[in-house]
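# Structural description and commentary
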There are 2 protein chains.
Amino acid sequence: MTNANQRNQRKKQPALVRRRLLDNGARLCVEQGVAGLTLQAVADAADVTKGGLLHHFSTKQALIEEIFSERLQAFDTSIKQAMKLDPEPSGCFTRAYITATLELIEKDDFIQWAALMMAMLTEPGLKKRWTQWLEQSLEQHRDTDSAPEMRLARYAVDGLWLAGLLDEEERVATKREALHLHSQLIEMTRKP
Amino acid sequence: MTNANQRNQRKKQPALVRRRLLDNGARLCVEQGVAGLTLQAVADAADVTKGGLLHHFSTKQALIEEIFSERLQAFDTSIKQAMKLDPEPSGCFTRAYITATLELIEKDDFIQWAALMMAMLTEPGLKKRWTQWLEQSLEQHRDTDSAPEMRLARYAVDGLWLAGLLDEEERVATKREALHLHSQLIEMTRKP
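Residues numbered from 1 in each chain as written. Chains lettered and ligands numbered in written order. Predicted model: local features only at pLDDT ≥ 70, side-chain atom pairs only at ≥ 80, totals over all residues. Heavy atoms only, no water.

### Focus: the packing of aromatic side chains
Residues and elements named next belong to chain B. Summed over the entire model, instances satisfying the criterion amount to 14 aromatic pairs over all chains. On the basis of an interplanar angle of 50 degrees and a centroid distance of 6.4 Å, the ring pair of Phe93 and Trp133 is categorised as tilted. With a gap of 40 residues between them, Phe93 in helix H6 (residues 92-106) and Trp133 in helix H8 (residues 124-140) connect regions that are remote in the sequence. Here the two residues Phe93 and Trp133 agree in accessibility, since each one is buried. (Phe/Tyr/Trp six-rings, centres within 6.5 Å; stacked < 30°, edge-to-face > 60°. Helix = DSSP H or I, 4+ residues; strand = E, 2+ residues; numbered from the N terminus. Buried < 20%, exposed > 50% of the residue type's maximum accessible area, 1.4 Å probe, protein only.)

Structural data, given as structure tokens:
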């Protein structure tokens, strides 16, 4: 099949093209930084014409926001799943947040995704999406998760996430001691 | 006095020129990102010739490393000062780390410096300086600060730092509740 034919073939699979654009966009963001990313580079990497890319994402900002939104959505889903398995109301959001964050740290592509999230969080618009998501989540679970010890437990797992991003050795140590760290963090949500 | 005269005057004050270069370099790093920084822009902002700048910092990397080193040195000094006031050996480094980090968060220019540190930590060389500093500090205080609860307490204040950087409201809340948060974090280093 020729290259042109392959492109024609993919035209009928817009979801696949979109996926390739998002995946290549995310990879290039990590490699070149969010500021250095160009739509042309993403189109080239995904083997899509610039016009094909613009059909899915009309601006660089739109592409970056979608990459970010997908990650945030996956994290949110992971938290909701963990909450379903927790019978205890007090601190249930915080424990699920801890579990979901540790799951991220244990993934093979953690460094790539964490570096991407960190780079994105330097963009004011995306930073706001994150803080809005967190505020809404905390508001929703105000009755069960607003105690100061819950806040500290969430900060502790955030710090663990940051340490994993900054230091590969720390991340290896975290993976090795994941079960123990998990139980210690969960313990923080159960202080009297 | 003419501009040229001002420059001649400053030639006799190399420490002052160096200070201006570091301060303007730091500011431009925050505004434009580390990747976008040029030595010419730093020279212009500091009202120093490019040659004058190169006399102090031969490469962009050298300038950035010095900006980073100064911050790290100040943080290290702040920790050592806090340790002097702590009569209890167990967890003394961790408590001083907590105190010094909270002091950073409370400063008026926290956002600027934190954003700069975060941007710099995306550079592999600077990331390594941070992790080496932390490893050496922890090695030095292994007998008193290697327990898992110390690690969690440090992670918690790191998370607080990150939250302050990501969300101005969180930072205002942290400043307001600084005393209470401080005592809660210190408490974490005194678990049996």
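### Comments concerning the packing of H6(B) against helix H10 (residues 148-166) of chain B
Residue and element names in this part refer to chain B. Contact pair H6 / H10: the axes reach a minimum separation of 10 Å and the direction vectors enclose 5 degrees. Put simply, H6 runs roughly parallel to H10. Residues Phe93, Thr94, Tyr97, Ile98, Thr101, Leu102, Leu104 and Ile105 of H6 pack against Met150, Ala153, Arg154, Val157, Asp158, Leu160 and Trp161 of H10. Looking at the contact of H6 with H10, its residues break down into eleven nonpolar, two polar and two charged. (Axes fitted to C-alpha atoms, helices over the stretch in contact; angles between N-to-C directions. Parallel < 35°, antiparallel > 145°, perpendicular 65-115°, else oblique. Contact = heavy atoms within 4.5 Å. Nonpolar A, V, L, I, M, F, W, Y, C, P; charged D, E, K, R; others polar.)

### Examining the domain arrangement of chain A
Residues and elements named next belong to chain A. Looking at chain A, the domain boundaries give domain 1 (3-58) and domain 2 (67-188). Distance between the C-alpha centres of domain 1 and domain 2: 29 Å. Between domain 1 and domain 2 the total buried area reaches about 660 Å² when both faces are included, carbon and sulfur atoms providing 76% of it. Across the contact surface, domain 1 and domain 2 share one salt bridge. Among the ionic pairs, Arg19 bridges to Glu70, the shortest N-O distance being 2.8 Å. In this assembly, domain 1 and domain 2 are joined by one residue pair in polar contact (both at pLDDT 80 or more). Its residues assigned to classes, the side of domain 1 that touches domain 2 comprises five nonpolar, one polar and one charged. (Domains from an automatic or database assignment. Buried area = accessible area lost by both parts, 1.4 Å probe. Salt bridge = Lys/Arg side-chain N within 4 Å of Asp/Glu carboxyl O. Polar contact = N/O pair within 3.5 Å; in protein donor to acceptor, adjacent residues only side chain to side chain.)

### Things to note about the interface of chain B and chain A
Chain B puts 31 residues into the contact, and the matching count from chain A is 31 residues. Summed over both partners, the interface of chain B with chain A comes to about 2500 Å²; 66% of that surface belongs to carbon and sulfur atoms. Inspection of the region where chain B meets chain A yields two salt bridges. At the boundary of chain B with chain A, the tally comes to four residue pairs in polar contact (both at pLDDT 80 or more).

### Details of the nonpolar core
With 118 residues, the main nonpolar core has A:Trp130, A:Trp161, B:Trp130 and B:Trp161 as its most contacted residues. For A:Trp130, the contacting residues outside a window of four places in its chain are A:Phe68, A:Leu72, A:Phe75, A:Tyr97, A:Leu121 and B:Leu166. (Core = buried A, V, L, I, M, F, W, Y, C linked by side-chain atoms within 4.5 Å.)

### Observations concerning the environment of B:Gly51
With respect to the helices and strands, B:Gly51 occurs in helix H4 (residues 50-56). Sequence-wise, B:Gly51 and B:Gln40 are eleven residues apart; in three dimensions their C-alpha atoms are separated by 9.8 Å.

### So, the relation of the copies chain B and chain A
Mapping chain B onto chain A calls for a rotation angle of 180 degrees and an axial translation of 0.0 Å; the resulting RMSD is 0.0 Å. On this basis, the relationship between the two copies can be described by a two-fold rotation axis. For chain B, the residue whose C-alpha comes nearest the rotation axis is B:Ala156, separated from it by 1.8 Å. The share of interface residues of chain B whose copies in chain A are also at the interface is 100%, consistent with both copies meeting through the same surface. (Least-squares fit on C-alpha atoms with pLDDT ≥ 70 in both.)

### Overview of unusual backbone geometry
Residues and elements named next belong to chain A. With phi around 55 degrees, Asp47 is a residue other than glycine that occupies positive phi space. Here Asp47 shows up in the loop between helix H3 (39-45) and helix H4 (50-56). Residue class for Asp47 comes out partly exposed when judged on its relative accessible area of 22%.

### What about the UniProt feature "domain: HTH tetR-type" (unreviewed entry) in chain A?
As annotated in UniProt, the feature "domain: HTH tetR-type" (unreviewed entry) corresponds to residues 15-75 of chain A in the numbering used here. Secondary structure over residues 15-75 of chain A splits into 79% helix and 0% strand, and the C-alpha atoms at its two ends are 21 Å apart. (UniProt positions renumbered as here; feature names shortened; annotations may be inferred.)

### Focus on the packing of helix H6 (residues 92-106) of chain A against helix H11 (residues 168-176) of chain A
Two numbers describe a pair of packed helices, the interaxial angle and the distance between the axes. Residues and elements named next belong to chain A. Between H6 and H11, whose axes approach to 9 Å, the crossing angle comes to 120 degrees. In terms of their interaxial angle, H6 and H11 are classed as oblique. In this structure, the crossing between H6 and H11 has a hand that is left-handed. Taken together, the residues of H11 that come into contact with H6 (itself represented by Leu102, Ile105 and Glu106) are Arg171, Thr174 and Lys175. Here the residues of the contact of H6 with H11 are counted per class, giving two nonpolar, one polar and three charged. (Left-handed = near helix turned anticlockwise from the far one by under 90°.)

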